[in-house]
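Read off the chains here:
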Amino acid sequence: MLLRARILLMFSLLAGLTVAAQARQIVVSVVTDGASGWSEEVKQTLQLQLNQLGGNEFEFRFPEAYQFDSQWTYTLARSNIEKALSESNVDIVIALGLLSSDAASGVKPGKPLIAASVVDPKAQGFGVNEDGTSATENLHFLVTNVDLTASLNRFQQALSAANIGILTDIVVFNALPFLEQKLRELESSVNYKITPIHPLTSRSASLVSALPQDLDGLFVLPQLRLSANENANLIDQLVDKGIPTFTIEGRQFVEQGYLMGTALIPSYQQLARRLAVDMRDIALGRPAHQLAVSLDVKDRLVLNMKTARDIGYSPPFTLMFEADLINEVAADGRIISLFQAVDESIVRNLSLAIANEDRLTARQDTRIARSALLPQLSANANWDAQDRDLVGEGPN
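We now turn to the structure provided with this report. (Residues numbered from 1 in each chain as written. Predicted model: local features only at pLDDT ≥ 70, side-chain atom pairs only at ≥ 80, totals over all residues. Heavy atoms only, no water.)

Bringing the overall build of the protein into the picture now. When you go through the protein residue by residue, the secondary structure sums to 16 helices and 13 strands. Taken across its 396 residues, the protein has 44% of its residues classed as buried. In the protein, the share of contacts with a sequence separation of at least 24, taken over all contacts with a separation of at least 6, comes to 67%. Of the roughly 21400 Å² that the protein leaves accessible, carbon and sulfur atoms contribute 53%. (Helix = DSSP H or I, 4+ residues; strand = E, 2+ residues; numbered from the N terminus. Buried < 20%, exposed > 50% of the residue type's maximum accessible area, 1.4 Å probe, protein only. Contact = heavy atoms within 4.5 Å. Areas by Shrake-Rupley, 256 points an atom, 1.4 Å probe, with all protein chains shown as cover.)

Laid out in structure tokens, this is it:
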């Protein structure tokens with residue numbers, strides 16, 4: 001009997017250890033704006049990040065039944081958010097995208113709700129406390145301060161442009177009226193012409209065909225409805241047409257072929273990482289509304305020198321100072337700044353000058369050595385010239 005009791009106790013302890021070792025499941029519902037390569041990249045990267053951060057404590061699950069596509073319709077996005085919040089099995093709801101994030105405004109969630117892409121909290125109705133957290137219980141959101149004016153002016157100055165086009169997404173702009181207002185404010189703040197371009201479809205060919213002929217450059221806002229292949233096609237067509245372009249989506253898009261750009265918004269990797277960290281904090285028991293809402297993005301201006309050559313554009317030095325140059329590499333394959341390029345070219349030019357001087361000296365020495373073989377008349381003439389030089393250096 002004692003042996004049997006010990007065996008039962010051992011099994012009980014093992015069972016208890018097994019239960020304790022099991023990760024707690026966190027069910028996540030994601031509401032997206034619609035079919036988008038961007039949202040898929042964010043979701044996939046988010047799940048990978050959560051797997052790393054969760055460790056043995058948490059298992060974040062994304063059941064297909066709780067993933068909602070809003071088909072680029074604002075009212076459907078709001079309906080999907082409310083539906084996701086009502087699901088008893090769902091622990092965290094993410095509104096992923098501009099439409100879905102805006103639709104989360106005004107909601108009084110009974111469980112953690114994260115609006116991942118807020119542009120202007122005040123204009124969109126998101127309350128922010130003095131400590132930089134959400135003023136609404138259970139609501140967390142992420143916002144990046146975007147200064148389009150500075151980047152737009154930089155682009156205009158680089159081109160000495162009279163007319164800059166801004167390529168938008170008509171579906172997003174129609175759904176979010178505050179964006180149109182911000183665009184009008186932007187137009188009134190500059191002393192050159194801005195031409196908003198709202199193509200009716202999201203196909204790359206249609207986007208390019210919608211461009212006016214008198215544009216000096218094209219400032220491209222995120223085309224979230226395009227797939228990765230469609231984005232690549234759009235860039236190729238813009239290069240073929242010789243149009244200087246500027247992207248606010250950072251280095252990776254400049255590497256794909258945009259002429260220049262800087263990151264004013266987080267990449268999908270940055271956004272996914274931040275979401276994963278915040279979701280883990282929520283799983284650990286921290287209230288969603290106590291998380292900081294600011295998502296800072298730091299990036300430098302990037303120039304694609306191959307694109308510049310392809311479209312026949314010569315960037316001014318004032319623009320290139322301290323910019324990262326893509327496809328303009330040092331001999332050893334390093335990406336170099338203009339300052340580095342100038343410094344290295346000076347060294348190379350000095351080395352070349354020294355080498356040329358050495359060659360000239362060697363050539364002169366050869367002529368002097370051969371002079372003894374020449375007729376005496378030539379030797380005397382050279383000696384006379386040398387005497388005159390020597391006399392000229394002496395006192396008068």
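Right, picking up where we left off after that structure.
Along the polypeptide, S36 turns up in the loop between strand 1 (24-32) and helix 2 (37-54). You can call S36 buried: its relative accessible area is 9%. From its side chain, S36 meets the backbone nitrogen of W38 in a polar contact 3.1 Å long. If sequence neighbours within four positions are ignored, S36 has contacts with W72 and L224. (Polar contact = N/O pair within 3.5 Å; in protein donor to acceptor, adjacent residues only side chain to side chain.)

Let us look at the sheet that holds strand 8 (residues 193-197). The sheet built from seven strands is open, its strands ordered 8-7-9-10-11-12-13 with mixed pairing. Two strands lie at the open edges of the sheet, namely strand 8 and strand 13 (324-326), each paired on one side alone. Examined bridge by bridge, strand 11 (residues 260-261) and strand 12 (residues 302-304) share two bridges and lie antiparallel to one another. Residue pairing for strand 12: M260 is matched across the bridge by L303. Sheet strands touched by helix 6 (residues 148-159): strand 7 (163-167), strand 8, strand 9 (217-220), strand 10 (245-247) and strand 11. Its angle to strand 9, the strand with the most contacts, is close to 160 degrees. Across the sheet, helix 8 (residues 177-188) lies against strand 7 and strand 8, angled at about 160 degrees from strand 8, the strand it touches most. (Pairing = 2+ DSSP bridges. Axes fitted to C-alpha atoms, helices over the stretch in contact; angles between N-to-C directions.)

A few words now on empty space enclosed by the protein. Per the stated rule, a full pass over the model turns up one cavity of 30 Å³ or more. Taken as a whole, the largest cavity spans an internal volume of roughly 40 Å³. Lining the largest cavity are T32, D33, G34, S36, W38, S39, W72, L96, G97 and L224. Of the residues that constitute the lining of the largest cavity, the class distribution is four nonpolar, five polar and one charged. (1 Å grid on protein atoms, 1.4 Å probe; cavity = no way out; pocket = protein on both sides within 12 Å on 5 of 7 lines; lining within 4 Å. Points joined across faces, edges and corners; volume = space filled by probe spheres on them. Nonpolar A, V, L, I, M, F, W, Y, C, P; charged D, E, K, R; others polar.)

Attention shifts here to the environment of L301. Residue placement: L301 occurs in the loop between helix 12 (268-283) and strand 12. Given the relative accessible area of 4%, L301 is considered buried. Every residue in contact with L301, bar those within four places of it in the chain, is listed here: R154, F246, M260, G261, T262, L319, A323 and D324.

Take the layout of surface pockets next. Volume-wise, the largest pocket comes out at about 1200 Å³. At five residues, helix 8 tops the list of elements feeding residues into the lining of the largest pocket. When its residues are assigned to classes, the lining of the largest pocket shows 28 nonpolar, 13 polar and seven charged. Put simply, the second largest pocket is a space of about 150 Å³. Every residue along the wall of the second largest pocket is listed here: L211, P212, Q213, L215, D216, K241, G242, I243 and P244. Among the residues making up the lining of the second largest pocket, the classes are represented as five nonpolar, two polar and two charged.

This part covers the packing of aromatic side chains. This structure, assessed with the given rule, holds five aromatic pairs. A centroid spacing of 6.5 Å and a plane angle of 45 degrees characterise the contact between F155 and F219, whose relative ring orientation is tilted. Placement of F155 in helix 6 and of F219 in strand 9 is noted, with a sequence separation of 64 residues between them. Grouping residues by exposure puts F155 and F219 together as buried. Summarising the aromatic geometry, the rings of F219 and F246 are spaced 5.2 Å apart at their centres and angled 10 degrees between planes, so their arrangement reads as stacked. Of this pair, F219 sits in strand 9 while F246 sits in strand 10; the two residues are 27 residues apart in sequence, bridging distant segments of the chain. Classification of F219 by relative accessible area gives buried; the value is 1%. These aromatic residues form a ring-pair network of at least three members: F155, F219 and F246. (Phe/Tyr/Trp six-rings, centres within 6.5 Å; stacked < 30°, edge-to-face > 60°.)

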